[in-house]
Amino acid sequence: MSPRLTMSAAAYKGIFATEKYLDESALPHTVLELVKIRASQINGCGYCVDMHSRDAKKAGETDERLFTVAAWRETEYFTDAERAALTLTEAVTRMADTPDPVPDDVWNEAARHFDEESLSALVLTIAQINLLNRIAVPLHKTAGGDA
């Protein structure tokens, strides 16, 4: 399946600025990539799963952790902070699936592991990757395909 169209550089200007902010934020890069991978898995965005898995690998992420992001609850590979970030990612990504999309216990656990600046970057990362998935999927961006 080939891409339907290519977005203009101007359309991505704000997105790129947000990505730069997130890359320079206090949120650990490992968490940033894990969140992007997990949300992309949920949203069925193979293009983003592939890209962020490759980015994480280049940054030193292990195969074991990358292979098990989708089943992170059933592994011992992730820290408590990473688990809190992944739980928040799943809650925010699946907001329409429950009447209480981000319960206090989910939020409080994330807030226990991340200071206000990092938590802000975490929420923005989750929102940003959901936005990008919602661009890539309808445009038929595919893993291994043209960007």
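Residues numbered from 1 in each chain as written. Predicted model: local features only at pLDDT ≥ 70, side-chain atom pairs only at ≥ 80, totals over all residues. Heavy atoms only, no water.

A.B. asks: Just to check I follow, could you spell out the side chain of Thr-125 for this structure?
C.D. replies: Tracing the backbone shows Thr-125 in helix α7 (residues 116–136). A polar contact is formed between the side chain of Thr-125 and the backbone oxygen of Ala-121, at a distance of 2.7 Å. Not counting chain neighbours up to four residues away, the residues in contact with Thr-125 comprise Leu-22, Leu-27, Leu-32, Val-35 and Lys-36. (Helix = DSSP H or I, 4+ residues; strand = E, 2+ residues; numbered from the N terminus. Polar contact = N/O pair within 3.5 Å; in protein donor to acceptor, adjacent residues only side chain to side chain. Contact = heavy atoms within 4.5 Å.)

A.B. asks: What should I look at first to understand the pattern of salt bridges in this one?
C.D. replies: Opposite charge on two side chains allows them to pair when their charged atoms are near. Going through the model one piece at a time under the given rule, you end up with nine salt bridges. Among the salt bridges present, the one from Arg-65 reaches Glu-61, with a minimum N-O distance of 2.4 Å. Arg-65 gets classed as buried once you look at its relative accessible area, which sits at 10%. Connected via shared salt-bridge partners are Arg-38, Arg-73 and Glu-90. (Salt bridge = Lys/Arg side-chain N within 4 Å of Asp/Glu carboxyl O. Buried < 20%, exposed > 50% of the residue type's maximum accessible area, 1.4 Å probe, protein only.)

A.B. asks: I'm lost on the layout of surface pockets in this one. Help?
C.D. replies: The calculated volume of the largest pocket comes to roughly 400 Å³. If you go around the largest pocket, you meet 18 residues; those closest to its centre are Tyr-12, Phe-16, Tyr-47, Met-51 and Leu-132. Looking at which element gives the most residues to the lining of the largest pocket, the answer is helix α3 (residues 46–58), with five residues. Here the lining of the largest pocket is built from residues that sort into eleven nonpolar, two polar and five charged. (1 Å grid on protein atoms, 1.4 Å probe; cavity = no way out; pocket = protein on both sides within 12 Å on 5 of 7 lines; lining within 4 Å. Points joined across faces, edges and corners; volume = space filled by probe spheres on them. Nonpolar A, V, L, I, M, F, W, Y, C, P; charged D, E, K, R; others polar.)

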